Amino acid sequence: MRISLFLLALNLTVVLYLRADEAGKALTESQPLTFAATNNQVILDVRAKKTKPLEPGRNDANIARYTALLLEHKHFLQQPFNDSISSKFLDRYLETLDYMHMHFLQSDLDDFESYRTILDELVEKRGDLTPAHHMFSVFLRRLEQRVAYVGELLTTEKFEFKGNDRYSYDRRKSAPPKSLDEAKELWRQHLRYEILQEKLNKEKPEEIGAKISRRYARLLRMFKEYDSDDVIELYLSSLARVYDPHSDYMGKSQFENFNVSMSLKLYGIGALLQSEDGYCRIKSLVPNGPAAKSKQIKENDRIIAVAQGDDNEPVDVVEMKLNKVVEMIRGVKGTKVRLTIIPADAPDPSVRKTVALIRDEIKLEDQEAKAKLIELPGEKTLRLGVIDLPSFYAEFELGGKKTDGQPKSTTVDVRKLITKLNHEKVDGIILDLRRNGGGSLEEAINLTGLFIKEGPVVQVKDHDGKQMVERDTDPSVVYDGPLIVLTSRHSASASEILAGALQDYGRALIVGDDSTHGKGTVQALDQLDKYIRQSGLPPSNPGALKVTIRKFYRASGSSTQLKGVTPDIILPSLNNYGEVGEAALDNPLPWDAIPSAKYEKLNRIQPFLAELQKRSAKRVTEDKDFSYLREDIEQYKKTLADKSVSLNEAQRLKEKQEAETRFKTRQDELKTRPSLDEKVYEITLKLADLPGLPPPVEKSNTVAKAESPKPIDADSDSAEDSTESKALAIDIRMKEAKRILADMISLSGNGAAVASANTKTELDTKAGGNLTTGAKP
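Small disclaimer: the values here were computed from a predicted structure and weren't measured. (Residues numbered from 1 in each chain as written. Predicted model: local features only at pLDDT ≥ 70, side-chain atom pairs only at ≥ 80, totals over all residues. Heavy atoms only, no water.)

1. As for the overall build of the protein chain
The secondary structure content of the protein chain amounts to 22 helices and 22 strands. Counting all 777 residues of the protein chain, 54% fall into the buried class. A fraction of 80% describes how many contacts in the protein chain between residues 6 or more apart in sequence connect residues 24 or more apart. Of the accessible surface of the protein chain, which amounts to about 33,300 Å², a share of 50% is contributed by carbon and sulfur atoms. (Helix = DSSP H or I, 4+ residues; strand = E, 2+ residues; numbered from the N terminus. Buried < 20%, exposed > 50% of the residue type's maximum accessible area, 1.4 Å probe, protein only. Contact = heavy atoms within 4.5 Å. Areas by Shrake-Rupley, 256 points an atom, 1.4 Å probe, with all protein chains shown as cover.)

Listed below in structure tokens is the structure:
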């Protein structure tokens, strides 16, 4: 099984604009803020809870040894696990635990130095995971100290925000605190930052104290619930990330979740669960799943116990880790699970209710490919198709288990959508890969084949220099009309294979950020159970290693590694300036190139490219929404350069009012615009099988979206949105992509694509060059 998976490990620590709740509100003088002592109780309760001892499992030593050996011998770099890797491994693990350098003291790091050059010996030769547990225990102790200090400050401190001090929220390159007193000052300043954020959002003092107390209690509870499996997963993943940013060790739960993300289905009850204050809360229900069909479970119900079948006793799941609860609720299709719940609308929290459900297959349809048909008015109404593809999903065997029914396939699904769009006689298609982080390499090759005749799609190179050409061998073409591929810095791996191939062939116009992500590596998934069994140990599920085994190259010979795919038309984007992409990750493999494969270019784009670029550039210069985006980019660049925020309330209120004024000005301008005349029809895979079109979606007139990255606080469960990202959004890049596609259709002559001389198919010019000549898998 060839698998190319993209994992975006990006920590955005950027603070942008703050939105005022009321425009033009007068600035008020900062008042000292104190909190009730009762706010500290939730922290005391969590601190009082005993931490589970980190007891090694029976297979832990073997898991560690085999992970190290496989990385050493199967990884593309063929790098021995030596003292140099050991040193980087230590640093990587410490960064994983404390990437903002807020918890470990310099004395802790000095103590850990004794491990620097011996981790290779301990892990690979002995399977000794003592350092992992030791360093995690120290981290947990420092975290407990921090949470206790925060509770103390919330009880005793008067918080004022009148000075000129600033808080530096990005400490990734800062030195660790030299002492506990220095660490406490960091923790105090961070707490002041959090309190001011809440105060600016008009929270009441008693609500601020309670909210922040719960936040820290939640953080501490999460890490106190870690068991040996969780620590080992962090530890061995840190080792894998030393080799490159896309190699990973997956424990049992993560491995099963990976399979769900690839196959878009699981066996369970169809409920999205969330951990909240020690309870497992039902966040939402999957339509037509067993939970929704039962009509006995609803959102915000809390699960307190889980039982298997009819005879087994319920197991208390209060304060249990969420992934453990999920494991208990999932199971074999057709089996029974009994849940004890506290109903959300119960008149008293002592009320209990037991619900029996039969597990069934749950399809994650919201993550499947989907399409839109857009009608643009004019002298001739243009019908444009848009296909949204969030990943290159595919189904594969998990632990030797065969899949039930038809395996899930990206190519099969997209072909169905294209067939529907062809039947509706669209004049052109946009393939939207902006959110697509990759997936199956094989699906990327097959999907490319829907748009070209047979030929090389991607080249791959092993660690020993052996090169292979992966080809589309099916001469049929499912869609032969005008085509745009819309990309972003988040389009990675398999997305870059498809975009690069269609650009090399001159088959599609690539539009988007200044480059795609830049992930040009292929990973293989190696399940560890087979190695454990070879050791004569009982069967288990020790997880899997995802290891980089190859680099891939475009048909032209250029690698997408680090550089990505450069679009034919580059649109303004905040991503063009942020730390987004392969180059922003640790330990990426280098860029290189190999000789080009032999293929025939279709030359669909080059004859019109200069004119398309000229027209788009003129529109982008004059378009109001792009003007707003340029303003946001300038503000973003200033924020990136500073990486700190004022703790003066009056100054922050002034900045907030300016942001609100800017926001309101945009809203007012939007109201003056005429309503859109275009009609939009949304087409799911289920609707693609039905005749005709569904009713068009309701029209809306909305303000342009700023792509402002959200600040991620290491100690917070959620990030704050900028003013613009809270607004209703116009997708300005999609808007421009539609205009570019309309230009392509016009320039290519009434929708007919300019075919290469050796194209065997006959173009249907009346339908805009759309043609189905045969089926792809």
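On we go from here.
2. Side note on the packing of aromatic side chains
In total, this model carries 14 aromatic pairs according to the counting rule given. With centroids separated by 4.6 Å and ring planes inclined at 40°, the aromatic side chains of Phe89 and Tyr235 adopt a geometry described as tilted. Linking Phe89 in helix H3 (residues 83–97) with Tyr235 in helix H9 (residues 228–243), this pair joins segments that are 146 residues apart in sequence. On the basis of relative accessibility, which here comes to 0%, the residue Phe89 falls in the buried class. Summarising the aromatic geometry, the rings of Tyr505 and Tyr599 are spaced 5.0 Å apart at their centres and angled 45° between planes, so their arrangement reads as tilted. With a gap of 94 residues between them, Tyr505 in the loop between helix H15 (494–504) and strand E17 (509–512) and Tyr599 in the loop between strand E20 (569–570) and helix H17 (606–622) connect regions that are remote in the sequence. The exposure class of Tyr505 is buried, given its relative accessible area of 4%. Through pairs of rings, three or more aromatic residues link up here, namely Phe104, Phe112, Phe136, Phe139, Phe223 and Tyr226. Positioned above the aromatic ring of Trp591, the side-chain terminus of Lys563 is 3.7 Å from the ring centre. (Phe/Tyr/Trp six-rings, centres within 6.5 Å; stacked < 30°, edge-to-face > 60°. Lys NZ or Arg CZ within 6 Å of the ring centre and 35° of its normal.)

3. Here's the deal with the sheet that holds strand E22 (residues 679–683)
Strand order across the open sheet formed by seven strands is E20-E17-E16-E13-E12-E11-E22, with mixed pairing between neighbours. Of all strands in the sheet, those with a lone pairing partner are E20 and E22, marking the two edges. Pairing analysis gives four bridges linking strand E16 (residues 483–487) to E17, with the strands arranged parallel. Bridging across to E17, Thr487 finds its partner in Gly512. Along the sheet face, H15 touches strand E13 (428–432), E16 and E17 and points at about 140° away from the line of E16. (Pairing = 2+ DSSP bridges. Axes fitted to C-alpha atoms, helices over the stretch in contact; angles between N-to-C directions.)

4. Let's talk about unusual backbone geometry
In this structure, Asn300 is a non-glycine residue whose phi angle is positive, near 75°. With respect to the helices and strands, Asn300 occurs in the loop between helix H11 (290–294) and strand E6 (302–308). Of the residues examined, Asn300 reaches a relative accessible area of 38% and is grouped as partly exposed. At Asn603, a position not held by glycine, the phi torsion is positive, near 60°. Mapped onto the fold, Asn603 is located in the loop between E20 and H17. Accessibility expressed as a relative area gives 41% for Asn603, which makes it partly exposed.

5. Remarks on the nonpolar core
As a rule of thumb, nonpolar side chains are buried together in soluble globular proteins. Counting 74 residues, the largest nonpolar core has Phe136, Leu191, Ile195 and Tyr235 as its most contacted members. Counting 50 residues, the second largest nonpolar core, distinct from the first, contains Leu373, Tyr505, Ile683 and Leu685. (Core = buried A, V, L, I, M, F, W, Y, C linked by side-chain atoms within 4.5 Å.)

6. Observations concerning the environment of Asp689
With respect to the secondary-structure elements, Asp689 resides in the loop between helix H20 (685–688) and helix H21 (723–726). A distance of 3.3 Å separates polar atoms of two side chains, one belonging to Asp689 and the other to Lys416. (Polar contact = N/O pair within 3.5 Å; in protein donor to acceptor, adjacent residues only side chain to side chain.)

7. Topic: the pattern of salt bridges
Here the structure, examined in full by the defined rule, presents 70 salt bridges. Among the charged side chains, a salt-bridge network with shared partners connects Glu611, Arg615, Arg619, Asp623, Asp625, Glu669, Arg673, Lys735, Glu736, Arg739 and Asp743. (Salt bridge = Lys/Arg side-chain N within 4 Å of Asp/Glu carboxyl O.)

8. Examining H3
Its 15 residues give H3 an end-to-end C-alpha distance of 21 Å, which sits within 8% of 21 Å, the value for a rise of 1.5 Å per residue. Every buried residue of H3 is accounted for by Ile85, Ser86, Ser87, Phe89, Leu90, Arg92, Tyr93, Leu94 and Leu97. Close packing links the buried residues of H3 with helix H4 (106–112), helix H5 (119–126), helix H6 (130–156) and H9. Two or three places before Ser84, at the opening of H3, Asn82 has a side-chain oxygen 3.1 Å from that residue's backbone nitrogen. (Expected span 1.5 Å × (residues − 1).)

9. Remarks on helix H12 (residues 322–329)
Along H12, the residues that are buried comprise Val325, Met328 and Ile329. Angularly, the buried residues of H12 cover 95° about the axis, an arc narrow enough to put them on a single face. The secondary structure elements touched by the buried residues of H12 are strand E3 (265–268), strand E4 (271–276), strand E5 (279–285), E6, strand E7 (315–316) and strand E8 (336–342). (Arc of directions from axis to C-beta.)

10. Concerning the environment of Thr354
With respect to the element layout, Thr354 can be found in strand E9 (residues 353–358). Residues Thr354 and Ala307, 47 residues apart in the sequence, show an inter-C-alpha distance of 9.9 Å. Residues contacting Thr354, with those up to four places away along its chain left out, are Arg338, Leu339 and Thr340.

11. Regarding the packing of helix H7 (residues 180–200) against helix H19 (residues 649–671)
Where H7 meets H19, the axes come as close as 11 Å, and the angle between the chain directions of the two elements is 45°. It follows that H7 is oblique to H19 by the angle criterion. In this structure, H7 crosses over H19, and the sense of that crossing is right-handed. Across from Leu196, Gln197, Lys199 and Leu200 in H7, the residues of H19 making contact are Glu649, Arg652, Leu653 and Lys656. The class makeup of the residues in the contact of H7 with H19 is three nonpolar, one polar and four charged. (Parallel < 35°, antiparallel > 145°, perpendicular 65-115°, else oblique. Left-handed = near helix turned anticlockwise from the far one by under 90°. Nonpolar A, V, L, I, M, F, W, Y, C, P; charged D, E, K, R; others polar.)

12. So, the side chain of Thr410
For Thr410, the location among the structural elements is in helix H13 (residues 410–423). Once residues within four sequence positions are removed from consideration, Thr410 is found in contact with Leu389, Ser391, Phe392, Tyr393, Glu443 and Leu447.

13. Quick word on the packing of H3 against H5
One way to put it is that H3 packs onto H5 with a least axis distance of 8 Å and a crossing angle of 100°. As the angle between them shows, H3 and H5 are arranged roughly perpendicular. Counting all contacts with H3, which are made through Asp83, Ser86, Phe89 and Leu90, the residues of H5 involved are Leu119, Asp120 and Val123. For the contact of H3 with H5, the class distribution of residues is four nonpolar, one polar and two charged.

14. Observations concerning the confidence of the model for the protein chain
Taken over all residues, the pLDDT of the protein chain has a mean of 85, while the share at 70 or more is 85%. The low-confidence segment residues 1–29 (pLDDT under 50) makes 117 contacts with residues lying over four places distant or belonging to another chain. Predicted confidence for residues 750–777 stays below pLDDT 50, and this span has 78 contacts to residues more than four positions away or in other chains. (pLDDT = per-residue confidence, 0-100.)

15. Re the pairing of E8
Within E8, six of the seven residues are buried, leaving the element largely enclosed by the surrounding structure. Inspection of the sheet shows E6 paired to E8 by six bridges, in the antiparallel sense. When the bridges of E8 are listed, Ala307 appears paired with Arg338. Bridge analysis of E8 against E9 gives six bridges, and the strand direction is antiparallel. When the sheet's bridge partners are listed, Leu339 is paired in E9 with Val355.

16. Points about the side chain of Glu72
Checked against the element boundaries, Glu72 lands in helix H2 (residues 60–74). Buried within the structure, Glu72 lacks any salt-bridge partner; its nearest side chain of opposite charge belongs to Lys125, at an N-O separation of 7.7 Å. A distance of 2.8 Å separates the side chain of Glu72 from the backbone nitrogen of Phe81, its partner in a polar contact. Dropping the residues within four chain positions of it, Glu72 is found in contact with Gln78, Gln79, Pro80, Phe81, Glu124 and Tyr243. (Lys, Arg positive; Asp, Glu negative; His and termini not counted.)

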